[in-house]
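Coordinate analysis (summary)
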Amino acid sequence: MKQLGGTAAAFAFVAAAGPIAAATPAAATGAAATGTATGTNPPAAAAATRRVRGLIARLTLDEKISLVHGATDPRRLGQAGYLPGVKRLGIPELRLSDGPAGVNVTRSATGLPPVATLGASFNLGLAREYGEVMGREGRTLDMDVLLAPQIELSRTPFFSRNKDQSGEDPYLNGLIGAAQVEGIQAQGMLAQAKHFLANNQRLHEFDRENPENSYDFVVDDRTLHELYLPAFEAVVRAGVASVMSAYNHLNGEWNSEQSTTLTGILRGELGFQGFVTSDWGATHSTAALEAGQDMQMWDGSFYGEPLKKAIKDGSIPESALDTAVSRILGRYDAFGMLDGSRVPARKKIDVRAGARVAREVAVQGAVLLANDGGLPLSHAALRDLALIGPTAGQVATSVSGERAYGFEERLVSPLDALRRSTKRKIAYEVGVDLTGTAVPASAFPEGLARGSGGAGTPVRTDRTVDFVGDKALPVGTTAEWTGTFVPPATGEYALKIQGWGAAVSLSLDGKELTTAGGARDSFARKWSSIVPTTDGLDNGQADPVELTGGKSYQVVVKATGWAATIAERGPVQVRFAWVTPEQRSASIAAAAKLARRVHTPVVFAFNGSGGSVGGSGDFTTLTLPAQQDELITAVARANPRTVVVLTTGCPATMPWRREVGTILHTGYVGQEGGWATADLLTGRANPGGKTTVTWPKKDTDHPTLDPAHPERYYGVDGVVTYSEGIFTGYRGFDKAGTEPLFPFGHGLSYTEFGYRDLSVRRAGEGYEVSFTVTNRGRRRGAEVPQVYVGAPRGADVEMAPKTLAGFDRVELRAGESRRVTVRVAERQLSYWDTDRSRWVRPEGRRAVYVGSSSRDIRLTGVAR
């Protein structure tokens, strides 16, 4: 292996955190082997350059072009992208798989919890193991590039992909990302960091049908350098092989065509030597090649024939193509893909090893937000316990795609895991029914006409659409049901389309409400909702719809049987289901009734239930969906010992906060999350995770959602402006003096930790901050002490009141004390000077804060 990357040794920004050094294998050759850290080219790199130059000289124009754009894989392995290679010259095929949480292809891979759960662990060694699992399994599954890590900053809580990244702080984000890169690439798998640059929301990000309607995102240079570039800087120093350009416009240009960022900053300032790939469909012209984007995915609509024509007519020099090909082949060579020296792939997936890491991430990433003694569950609670909620009865691995689904046989719900591990009978109520029941024949007074999906006479009339199990339709069936739908009563309905073996959809009065069972290339996954139906179908959830009782609506249900190339193709199952207002009220009442008769009820709440919520679109509110606030309130009023478990990928508002004393945020938990959650509830595991984003009390408390500044998220006149500058997340809350629901870095434990004896001393250009942490409780636990630096007086620019400058994660036995030293690098004390285009460290004393969160400060000192 010629490229691994010693992050701590190569990059001063990352070097401030000692823990990552332990995550770097002794066998690593160091980032200097790439030439990026020192600006030199050692002999191996020079030989690689000669080899690549020799190949370019022998490649035809058509062969070069085939190496810079996506094509169809003849093997159809279900991956995101493919390059054919050039067999006559020994250039292999290249297969690119979606991340960022596991390998997303036809065959199964470990279903890891998403990166937000990983980030909450604040454990860089675990982040490296996370990367190792993905890299190892990716190689076994014949993949070469993993589209991971995702390292955008969580700028706004409405961003639907916050679950895929490690929070609002650039320092933490960079460290978690770099550790993943090291783990992935140590297995001979190329990592591709995404999405470059300032790609922090889906709203107005990219209008695929009418790109000219996409908004421009305006970010000043200081904010880019201090918040949105550090994570990319960190992964570059870790030796990341590739970077993905983002969909959005940035400061007037498409990210894919930005020579300022792709060439000037990424390659010039940061020293990146790998190749840049477009996000899928994010290329807009052949000009992107000269700007610094080397590869178009997924096709050759611009980098195929149009590029060939542009080169032949002289509008683009062939040398620009040669540069792109050399960057791509340079990474092939650095990873031993051209001379047979690549780290060998394992023949089969080590399922148990992957499961161990998945379970550990789910445990360490759990955050105990509040605890009035409800957790861990007492013996009395376990003797008379009830679980409530659909994500108690089924495991909430994650939502949406771009992840490994996991090994389905390993998916065990928290309810089943608790029953099996405690050997007790635990009561259960669904509370919020995500499966519902088939819409009965009485709602279709004229029946439903079933046709074959095309013109012609209907095949037959059906009383309802409920073709599942023994009633499933033949393999490959394509059908369309049309008719009049008449709801029995006025109110809010949850309408669902559920299916497997076919792509299914539901439309009402000409508007498509939801879909399920869609296949990609050669496979399908049951991820249209946070959980499948209880009988194993993909579960398309429409947004709640207000219907009038007795009114006629035109309904259309479509089912298109999977092609013969789709794995797991079988009989076509399709069901049009609902939850009526009456059913919803009855479910909540049943949950409250159960809560009254047990010692302790535990309510599991979720978001990302399907549709636009947590899927392809951003959130529109932090309110829990599906009347869950009503459910939690009813249960809490029925029993004051109520515990809430949040299986959410982002913060949620809590109108019931004063009525619930114990809240555990597990996030999305991956394939092993049922067992991890059971361990956390019973005390077999002690939560030690910390929040990676600030939880606002209400949506508009967040700096990006301030009603006085609609330009920050919603945009004004086609422009989204990051006018908050560096003051997003906890920096913005601190500046405004806004009290959060839960601050950044917050997380309790089943034990207690004390801090004492702070020492701050000079160490080179930075500082060493030392203190003692003591476990004052009766059980083993983990604490994440955090070091923040304050702003100096008289700085030329406004700086944040507190900035995270370092942290550690320490495991302590009951009664144990440990001296902790956190190194604060000069970079963490500096700001980006836009006039001089460099980092500047202002003079003056700085306050040093040590605490258990950004607001729970235990020790205060001074850096002189």
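Since the model is a prediction, treat every value here as computed from it, not as a measurement. (Residues numbered from 1 in each chain as written. Predicted model: local features only at pLDDT ≥ 70, side-chain atom pairs only at ≥ 80, totals over all residues. Heavy atoms only, no water.)

Digging into the overall build of the protein
Along its length, the protein carries 22 helices and 41 strands. Its C-alpha atoms give the protein principal-axis dimensions of roughly 75 × 70 × 55 Å. Considering the protein as a whole, with its 864 residues, one finds that 64% of them fall into the buried category. Within the protein, contacts between residues separated by at least 24 positions form 77% of all contacts whose residues are at least 6 apart in sequence. (Helix = DSSP H or I, 4+ residues; strand = E, 2+ residues; numbered from the N terminus. Buried < 20%, exposed > 50% of the residue type's maximum accessible area, 1.4 Å probe, protein only. Contact = heavy atoms within 4.5 Å.)

As for the pairing of strand β25 (residues 553–561)
Residues of β25 alternate between two faces, with Y553, V555, V557, A559 and G561 buried on one and Q554, V556, K558 and T560 left unburied on the opposite face. Here strand β17 (residues 478–485) runs beside β25; their pairing, made up of eight bridges, is antiparallel. Of the residues in β25, the one forming a bridge with A479 is A559. Pairing between strand β19 (residues 502–508) and β25: seven bridges, direction antiparallel. Looking at β25, one finds that A502 is bridged to G561. (Pairing = 2+ DSSP bridges.)

Description of the sheet that holds strand β41 (residues 857–863)
Across the sheet, which stays open at both edges, the four strands sit in the order β35-β34-β40-β41 with antiparallel pairing between neighbours. In this open sheet, the two edge strands, each paired with only one partner strand, are β35 (803–807) and β41. If you compare each strand with its neighbour and ignore which way they point, the axes differ by 25 degrees on average. As judged from the four bridges shared by strand β34 (residues 786–789) and strand β40 (residues 846–851), these two strands associate in the antiparallel manner. For Q786, the partnering residue across the bridge sits in β40 and is G851. (Axes fitted to C-alpha atoms, helices over the stretch in contact; angles between N-to-C directions.)

Concerning the pattern of salt bridges
If you walk through the whole model with that rule in mind, you get 50 salt bridges. Here K194 and E402 are joined by a salt bridge, their closest N and O atoms 3.1 Å apart. With a gap of 208 residues between them, K194 in strand β4 (residues 190–196) and E402 in the loop between α17 (390–393) and α18 (414–422) connect regions that are remote in the sequence. Here R780 ties to E811 by a salt bridge, and the two come within 3.8 Å at their closest N and O atoms. Taken together, the positions of R780 in the loop between β32 (766–775) and β33 (781–783) and E811 in strand β36 (residues 810–812) put the pair 31 residues apart, joining distant regions of the chain. A residue is classified by how much of its surface remains accessible, and R780, at 48% relative accessible area, is partly exposed. Looking at E811, the relative accessible area reads 31%, which means it is partly exposed. Counted as one network, the salt bridges with shared partners bring together R161, K163, D164, K194 and E402. (Salt bridge = Lys/Arg side-chain N within 4 Å of Asp/Glu carboxyl O.)

Considering the packing of α18 against helix α21 (residues 673–682)
Here α18 crosses α21 at 60 degrees, and the two axes come no closer than 8 Å. Relative to α21, the element α18 is oriented oblique. The two elements α18 and α21 cross, and the hand of that crossing is right-handed. Of the residues in α21, those in contact with P414, A417, L418, R420, S421 and T422 of α18 are G674, W675, T677, A678, L681 and T682. Of the residues that constitute the contact of α18 with α21, the class distribution is six nonpolar, five polar and one charged. (Parallel < 35°, antiparallel > 145°, perpendicular 65-115°, else oblique. Left-handed = near helix turned anticlockwise from the far one by under 90°. Nonpolar A, V, L, I, M, F, W, Y, C, P; charged D, E, K, R; others polar.)

Some remarks on the packing of aromatic side chains
Within this structure, the stated rule accounts for 22 aromatic pairs. Relative to W481, the ring of F467 lies with its centre 5.6 Å away and its plane at 25 degrees, an arrangement referred to as stacked. Remark: W481 occurs in strand β17 and F467 occurs in strand β16 (residues 466–467); sequence separation between them is 14 residues. For F467, a relative accessible area of 11% puts it in the buried group. Judged by centre distance (5.0 Å) and plane angle (85 degrees), the ring pair of Y713 and Y714 falls under edge-to-face. A residue is classified by how much of its surface remains accessible, and Y713, at 2% relative accessible area, is buried. Here the aromatic cluster, defined as three or more aromatic residues joined through ring pairs, consists of F122, Y171, Y730, F744, Y788 and F807. (Phe/Tyr/Trp six-rings, centres within 6.5 Å; stacked < 30°, edge-to-face > 60°.)

Some remarks on helix α8 (residues 170–185)
Along its 16 residues, α8 runs 22 Å from first to last C-alpha, staying within 8% of the 22 Å computed at 1.5 Å per residue. Taken across its 16 residues, α8 has 16 buried, putting it largely inside the fold. A distance of 2.9 Å separates the backbone nitrogen of Y171 from a side-chain oxygen at the start of α8, and that oxygen is part of D169. (Expected span 1.5 Å × (residues − 1). Polar contact = N/O pair within 3.5 Å; in protein donor to acceptor, adjacent residues only side chain to side chain.)

Let's talk about the nonpolar core
Formed by 74 residues in total, the largest nonpolar core has its most connected members in L197, V240 and F807. Residue contributions to this core peak at eight residues, all from α8. In terms of nonpolar packing, the next biggest core, distinct from the first, is built from 46 residues, I91, L190, A324 and L338 among them. (Core = buried A, V, L, I, M, F, W, Y, C linked by side-chain atoms within 4.5 Å.)

Some remarks on the packing of helix α7 (residues 124–140) against α8
It is the contact of α7 with α8, at a shortest axis distance of 6 Å, that shows an interaxial angle of 40 degrees. When the interaxial angle is binned, α7 and α8 end up oblique. For the crossing formed where α7 meets α8, the hand is right-handed. Contacts from L124, A127, R128, Y130, G131, E132, M134 and G135 of α7 reach α8 at L175, I176, A179, Q180, E182, G183 and I184.

Quick look at unusual backbone geometry
The omega torsion of the bond from M297 to W298 falls at 10 degrees, within 30 degrees of zero and hence cis. Note that the residue after L375, namely P376, is joined by a cis bond; omega there is -5 degrees. Residue placement: P376 occurs in the loop between β10 (367–370) and α16 (379–383). For D521, which is not glycine, the phi dihedral falls at a positive 60 degrees. Relative to the helices and strands, D521 resides in the loop between β21 (519–520) and β22 (523–524).

Notes on the environment of T704
Among the structural elements, T704 can be located in the loop between α21 and β30 (719–721). Taking the C-alpha atoms as reference points, T704 and E724, separated by 20 residues in sequence, lie 7.3 Å from one another. In this structure, T704 is in contact with R155, T156, P157, R712, Y713, E724 and T728, ignoring residues within four places of it in sequence. Only 2.9 Å separates the side chain of T704 from the side chain of H702, close enough to count as a polar contact.

Structural notes on the side chain of S121
Mapped onto the fold, S121 is located in the loop between α6 (115–119) and α7. Polar side-chain contacts of S121 include one of 2.6 Å to the backbone oxygen of L118. If we ignore the near neighbours within four places in the chain, the residues touching S121 are L126, Q364, G365, V784 and R809.

Quick notes on the confidence of the model for the protein
With 93% of its residues at a pLDDT of 70 or more, the protein has an overall mean of 93. For the protein, the element scoring lowest by mean pLDDT is helix α3 (residues 19–22), at 30; β10 scores highest, at 99. The low-confidence segment residues 1–42, where pLDDT is below 50, has 100 contacts with residues more than four positions distant or belonging to other chains. Contacts from residues 609–615, a stretch scored under 50 in pLDDT, to residues over four places away or in other chains number 24 contacts. (pLDDT = per-residue confidence, 0-100.)

Concerning the pairing of β19
Buried residues dominate β19, accounting for six of its seven residues. Note: β19 against strand β20 (residues 511–516), five bridges, orientation antiparallel. Looking across to β20, one finds that L506 is bridged to T514. Between the end of β19 and the start of β20, which pair antiparallel, lie two residues, with D509 showing a positive phi angle near 50 degrees.

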